[in-house]
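What follows is the residue order along each chain.
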Amino acid sequence: MTEGYRESVPVLTFPRQTFVSLLVFALIWEALSYLAPYLGIPPFAIPSLVRIAKSIATITPVDIVVTLGRVIAALIVSFLLGIALAMAMYRSDSLDKYLHPMIRLFMAVPVVSWILFAVLWFPGVEFRIAFVLVVVCGPVFLIDTLDAMHGVPRELRHMMQSFRPTTWQYFFKLMLPAIVPTIFTSWKVNISLAIRVVTIAELVGAVTGIGHQLSVAQELFSVADVFAWTLVLVALLFLLEAIVARVEARVLRWRA
């Protein structure tokens, strides 16, 4: 049993093809950094890998921790709000009919507009960033969860209702196990979305975080610093996705 469980949990590996692709990209970038003057491109526009490495060495860990904390906190709040509203809308058709158009409207509003609204509505920088992240990520959790609930077979729902369960029993015994795969998919989508959104949100008024550092690098025309902080964002995305994938493999090991 233990051996079967271990085999069902994928080991996080670094495929050879990925290594080759990244190596080819790095070589092309390094070549372009040397050829930039001959191509009519300013040398600072395509910094060499050595300059990028020096910028990475000067990165402040506190900004990484701040951005990561903002993302994780906002995702947890978005998830809890999304699950709660999805349950309420599933139990009430009237609530679903009234809230569904509003949720779709929220999802259609561009991120830039939400940031401008947050700047005009709220004085605190942290609350602005949290508001933007929650209002962008929350509807994704809600819609995905609600669709997953509606996708549960009618026969299973009728069978469960025949036992006259309470609302919590109905959710935890039937709905939650059925929608867990969709929940993990929503987390993967929202992690990528939150990483991109928090960077833009931190550009407006924040004095800490990766977005603020990108803004400083832009003002200094330091492409090497921009590239370095971008690599940090990509690394954070891969790290969070790997953690979610690991948890998913453990929770859904019965699918293997």
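Look up: the structure comes first, before these words.
Residues numbered from 1 in each chain as written. Predicted model: local features only at pLDDT ≥ 70, side-chain atom pairs only at ≥ 80, totals over all residues. Heavy atoms only, no water.

Student: An account of the overall build of the chain is requested, with residue identities and associated values reported.
Tutor: Per the secondary structure count, the chain includes 11 helices and zero strands. Beginning at the N terminus, the succession of helices and strands in the chain can be written as α-α-α-α-α-α-α-α-α-α-α. Counting only C-alpha atoms, the chain reaches 75 × 55 × 30 Å along its principal axes. Nonlocal contacts in the chain, meaning residues at least 24 apart in sequence, comprise 70% of its contacts between residues at least 6 apart. (Helix = DSSP H or I, 4+ residues; strand = E, 2+ residues; numbered from the N terminus. Contact = heavy atoms within 4.5 Å.)

Student: Describe the packing of helix α6 (residues 111-121) against helix α7 (residues 125-150), and please don't skip the residues or the numbers.
Tutor: Contact geometry for α6 and α7: axes closest at 9 Å, N-to-C directions at 145 degrees. Considering the relative orientation of α6 and α7, their crossing is right-handed. Residues V111, W114, I115, A118, V119 and W121 of α6 form the contact with α7, whose own contacting residues are R128, F131, V132, V135 and V136. Its residues assigned to classes, the contact of α6 with α7 shows 10 nonpolar, no polar and one charged. (Axes fitted to C-alpha atoms, helices over the stretch in contact; angles between N-to-C directions. Left-handed = near helix turned anticlockwise from the far one by under 90°. Nonpolar A, V, L, I, M, F, W, Y, C, P; charged D, E, K, R; others polar.)

Student: Residues and numbers for empty space enclosed by the protein, please.
Tutor: Overall, the coordinates contain two cavities of 30 Å³ or more when judged by the stated rule. One number sums up the size of the largest cavity: a volume of about 50 Å³. Mapped by element, the contributors of at least two residues to the lining of the largest cavity are α4 (61-91) and α9 (167-202). It is α9 that provides the largest number of residues to the lining of the largest cavity, a total of four residues. Its residues assigned to classes, the lining of the largest cavity shows six nonpolar, one polar and one charged. Taken as a whole, the second largest cavity holds about 50 Å³ of empty space. Broken down by secondary-structure element, the contributors of at least two residues to the lining of the second largest cavity are α6 and α7. At four residues, α7 tops the list of elements feeding residues into the lining of the second largest cavity. For the lining of the second largest cavity, the per-class residue count stands at eight nonpolar, no polar and one charged. (1 Å grid on protein atoms, 1.4 Å probe; cavity = no way out; pocket = protein on both sides within 12 Å on 5 of 7 lines; lining within 4 Å. Points joined across faces, edges and corners; volume = space filled by probe spheres on them.)

Student: Could you give an account of the pattern of salt bridges, naming the residues involved and the relevant values?
Tutor: For the structure on display, the rule yields three salt bridges. Ionic pairing is found between R70 and E202, a salt bridge with its closest N-O pair at 2.7 Å. In this pair, R70 sits in helix α4 while E202 sits in helix α9, placing the two residues 132 residues apart along the sequence. Comparing R70 with E202, the two get one shared label, buried. Overlapping salt bridges bring together R70, E126 and E202 as one network. (Salt bridge = Lys/Arg side-chain N within 4 Å of Asp/Glu carboxyl O. Buried < 20%, exposed > 50% of the residue type's maximum accessible area, 1.4 Å probe, protein only.)

Student: Account for the nonpolar core, with residues named and values stated.
Tutor: Ranked by internal contacts, the top residues of the largest apolar core, which has 59 residues, are L75 and V132. Top contributing element to this core by residue count: α9, with 16 residues. (Core = buried A, V, L, I, M, F, W, Y, C linked by side-chain atoms within 4.5 Å.)

Student: Tell me about the layout of surface pockets, and name the residues and values.
Tutor: Roughly 220 Å³ of internal volume is contained in the second largest pocket. Lining the second largest pocket, in full, are L81, G82, L85, I103, F106, F131, V134, V135, G138, P139 and L142. Of all the secondary structure elements, the ones that give two or more residues to the lining of the second largest pocket are α4, α5 (93-108) and α7. Considering each element in turn, the lining of the second largest pocket owes the most residues, six residues, to α7.

Student: Give a description of the side chain of T67 that names residues and reports values.
Tutor: Inspection of the secondary structure puts T67 in helix α4. Here T67 falls in the buried class, since its relative accessible area comes to 0%.

Student: Can you tell me about a nonpolar patch on the surface, naming the residues and giving the values?
Tutor: Taken together, the side chains of F19, V20, L23, V24, L27, I28, L32, Y34, L35, Y38 and L39 make up a nonpolar region of the molecular surface, amounting to roughly 1100 Å² of accessible area. With respect to the helices, strands and loops of the structure, L35 is situated in helix α2 (residues 16-35). Exposure remark for L35: the relative accessible area of 43% places this residue in the partly exposed category. (Patch = residues over 30% accessible without salt bridge, like charges linked within 9 Å, V, L, I, M, F, W, Y side chains within 5 Å. Areas by Shrake-Rupley, 256 points an atom, 1.4 Å probe, with all protein chains shown as cover.)

Student: So what about helix α10 (residues 210-219)? Which residues, and what values?
Tutor: Restricting attention to buried positions, one finds in α10 the residues I210, G211, L214, S215 and A217. Viewed end-on, α10 has its buried residues packed into an arc of 160 degrees, placing them on one side of the element. Buried residues along α10 sit in contact with α4, α9 and α11 (223-251). Positive backbone phi, approximately 55 degrees, marks F221, located one or two places after α10. (Arc of directions from axis to C-beta.)

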